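As a plain string of letters, each chain reads:
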Amino acid sequence: MSRSVALLICLIGGLTMLVSPFLPMATGWANDVTDWFNILAAMAFVLGGGSLLKVQLMRLSARGPGWGYSAVTLLAFVVTLWVGLGKVGVVADPSAPMVPWSGKPDDEGSAFWWIYLYVMTPITSTLFAVLAFYVASAAFRAFRAKNLEATLLLATAFVILLGRTFAGVVLTGWLPDWASGLRLENLAVTIMDVFNTAGNRAIIIGIALGVASTGIRLMLGLDRSYLGGDA
Amino acid sequence: MSGATMDASGPAQGRWWIGLFLVIAVLVAIRAGIGEGMGRVYVQTESTSYASTTNEQGRVTWSVVADGTDGAVTIERDLFRTAGQFRAAESAAPGQQAIRVSWDRTIGLWLAAFFTLAVFSFLAGDNPAYKLTESIVIGVSAGYWMVVAFWETLVPKLLANLAPDMVKAWCMPNLEGGAFNPIALIPLGLGLMLLSQLTPLGRHVGRWPLAFVIGTFAGLKMVSHVESDIIEQVRATMLPMVAFGDDGSFAVWASLRNVLIVVGVLCTLAYFVFSVEHKGAVGRAARVGVWFLMITFGSAFGFTVMGRIALLAARFEFLFIDWLWLIDPKGERGMKVVATLVSCIVDMT
């Protein structure tokens, strides 16, 4: 019974979104359903936070290896939640200066803004920046021009990397005007404009076909893996 | 927290890391003692006064008025100022307090520098500073997205429909409408069912909101993908194989470009057709498709590397410009540092 209702809800939700571009009267339904979807997506963040709290508290109470880090995670989570939900340090919005809670939580000067600027941004951007080393290291170890396909990949990466920097201009700037198409900066533009466009376009079309077929399978109940168990 | 709970690595490695952090601390202390020092954030408080007017419909609007106006409400905000602006203000009026050091933002800057170095330290191996930073970012990210979800979605889309008067008086004075909307009880119920997943009883109940999210998302994505990624992409690929310029002459390069794009898209799509065996004409087309794919992956790789290096450069800029005050593209502090260093060297020789 529970599964049948779930499949029916999935079908109705999907069909509402699917028919809305074709039926003018369904546009309002689609807007409502989209709002509900956004609310549930927001609730999913709450669920995620609750799950984090549960797991970290269990690790903390078990006093296993690394329990100190669980305490740090919990503290960071609770503090962020407190300053964000409590709008600590937020001043009223200019459109309603008499309502103290009208300001946005991430306004300049608020505690939540401070956490975002001085804790979250430096850590996340450095984590991505560190990937530059790993990507370069992995490429150095893995990239070998063993066959035509690997050579094409390697050569394209070099042309793009050099062509988008001053190195490309310096290296091939001596080429005469009649061969200017071979200058690295122009070659990089040609690759992006022609070959990359063609390859990406086919990939995008392929993904869209995959999304459409998966969507139909989900709505028709042919794919029930999201229900878990022996669905 | 004891070493045993923080890190299982050996004492030798622990000593190595402590030594490294000590060296960094000493270098930073030396830098802090040269010239104007380093790593301070300046702010200036700006106050704005607002006065209200009520229109014929009874709607209250607030506008900026001159300070000291009767009945005006004043809001004060601390805004960033540069070291150069601070120095200019000091030279104009020594001991002024208009532009001053913000201690909370300065502490934030030093913390950000510590986190940046801690993440970079992972390149040398896992260590307590990195693990501490990792633990903090996990907690902060979860809290951040929960807060954003609450203020950006749950309040305006759910609470504003269930208790509009309360929300209006509490945090959204400009909220349009103002009647209780019973339809909003549906997403509330589904949301509570979703949250029940945290309890052992919620396994079955949690399926319904999950089914709703998946069904809606599938329908939403089907429409948008079919429209923008199939129809529009196919339309964009329908190019003239023989192109002419504005003066009516045959455009060789434009024609070649169009031919390459059409052939590239068709051949790459041929590679993705797995229900037909890749041999004969299909096999040859698929092979050409693979070449196009390799060029696409190569350019994607190049762009990814460039993006990461740009981020890396941004982090170095933060460390050397904002924190250490060693590089100074705006000419606000660096010259003084350089002048001090030069005078030190001259004195020594």
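Bear in mind the structure is a predicted one, so any value in this text is a computation, not a measurement. (Residues numbered from 1 in each chain as written. Chains lettered and ligands numbered in written order. Predicted model: local features only at pLDDT ≥ 70, side-chain atom pairs only at ≥ 80, totals over all residues. Heavy atoms only, no water.)

A. Representation of the overall build of chain B in the model. Counting its secondary structure elements, chain B contains 12 helices and 4 strands. Radius of gyration (C-alpha) of chain B: 31 Å, far over the 20 Å computed for a compact globule of 349 residues. Relative to its 349 residues, chain B shows a buried fraction of 36%. Summing over all exposed atoms, chain B offers an accessible surface of approximately 19300 Å²; the carbon and sulfur share of this is 67%. (Helix = DSSP H or I, 4+ residues; strand = E, 2+ residues; numbered from the N terminus. Rg over C-alpha atoms; globule rule 2.2 N^0.38 Å. Buried < 20%, exposed > 50% of the residue type's maximum accessible area, 1.4 Å probe, protein only. Areas by Shrake-Rupley, 256 points an atom, 1.4 Å probe, with all protein chains shown as cover.)

B. The overall build of chain A, seen in detail. Regarding its fold elements, chain A presents 7 helices and 0 strands. Across chain A, helices and strands are ordered from the amino to the carboxyl terminus as α-α-α-α-α-α-α. Its C-alpha atoms give chain A a radius of gyration of 27 Å, more than 25% over the compact-globule value 17 Å for 231 residues. Put simply, chain A has 231 residues, and 42% of those count as buried. Partitioning the contacts of chain A with sequence separation of at least 6, the portion at a separation of at least 24 is 30%. Across chain A, 14 positive and 12 negative side-chain charges occur, with their mean positions spaced 13 Å apart. (Contact = heavy atoms within 4.5 Å. Lys, Arg positive; Asp, Glu negative; His and termini not counted. Charge placed at Lys NZ, Arg CZ, Asp CG, Glu CD.)

C. A look at the interface of chain A and chain B. Every contact between the two is made by 117 residues of chain A and, on the other side, 121 residues of chain B. Summed over both sides, the interface between chain A and chain B buries roughly 11300 Å², with carbon and sulfur atoms accounting for 80% of that surface. Looking at the side of chain A facing chain B, the largest losses of area belong to Leu 40, Tyr 69 and Tyr 118 of chain A, adding up to 7% of the total buried there. Summed over the shared surface of chain A and chain B, the number is 4 salt bridges. Of the charged contacts, one joins Lys 157 of chain B and Asp 35 of chain A as a salt bridge, the two residues approaching to 3.4 Å between their closest N and O atoms. Applying the counting rule to chain A against chain B returns 20 residue pairs in polar contact (both at pLDDT 80 or more). For the side of chain A that touches chain B, the elements supplying multiple residues, two or more each, are α1 (2–19), α2 (26–62), α3 (67–85), α4 (111–142), α5 (148–163) and α7 (184–219) of chain A. (Buried area = accessible area lost by both parts, 1.4 Å probe. Salt bridge = Lys/Arg side-chain N within 4 Å of Asp/Glu carboxyl O. Polar contact = N/O pair within 3.5 Å; in protein donor to acceptor, adjacent residues only side chain to side chain.)

D. Region of the structure containing unusual backbone geometry. Residues and elements named next belong to chain A. With phi around 50°, Arg 63 is a residue other than glycine that occupies positive phi space. Its relative accessible area of 54% is what places Arg 63 among the exposed residues. With a phi close to 45°, Lys 87 is a non-glycine residue in the positive phi region. Positionally, Lys 87 belongs in the loop between α3 and α4. For Lys 87, a relative accessible area of 9% corresponds to the buried category.

E. Highlighting the domain arrangement of chain B. Per the domain assignment, the segments making up chain B are domain 1 (41–53 + 61–101) and domain 2 (235–300). In this structure, domain 1 of chain B and domain 2 of chain B have C-alpha centres spaced 60 Å apart. (Domains from an automatic or database assignment.)

F. Quick peek at α4 of chain A. For α4 of chain A, which comprises 32 residues, the first-to-last C-alpha distance of 45 Å matches the rise-based estimate of 46 Å (1.5 Å per residue) to within 8%. Remark: the principal bend of α4 of chain A, roughly 35°, maps to Met 120 of chain A, with a proline, Pro 122 of chain A, within the next four residues. (Expected span 1.5 Å × (residues − 1). Bend = angle between axes of the 7 residues up to and from the residue.)

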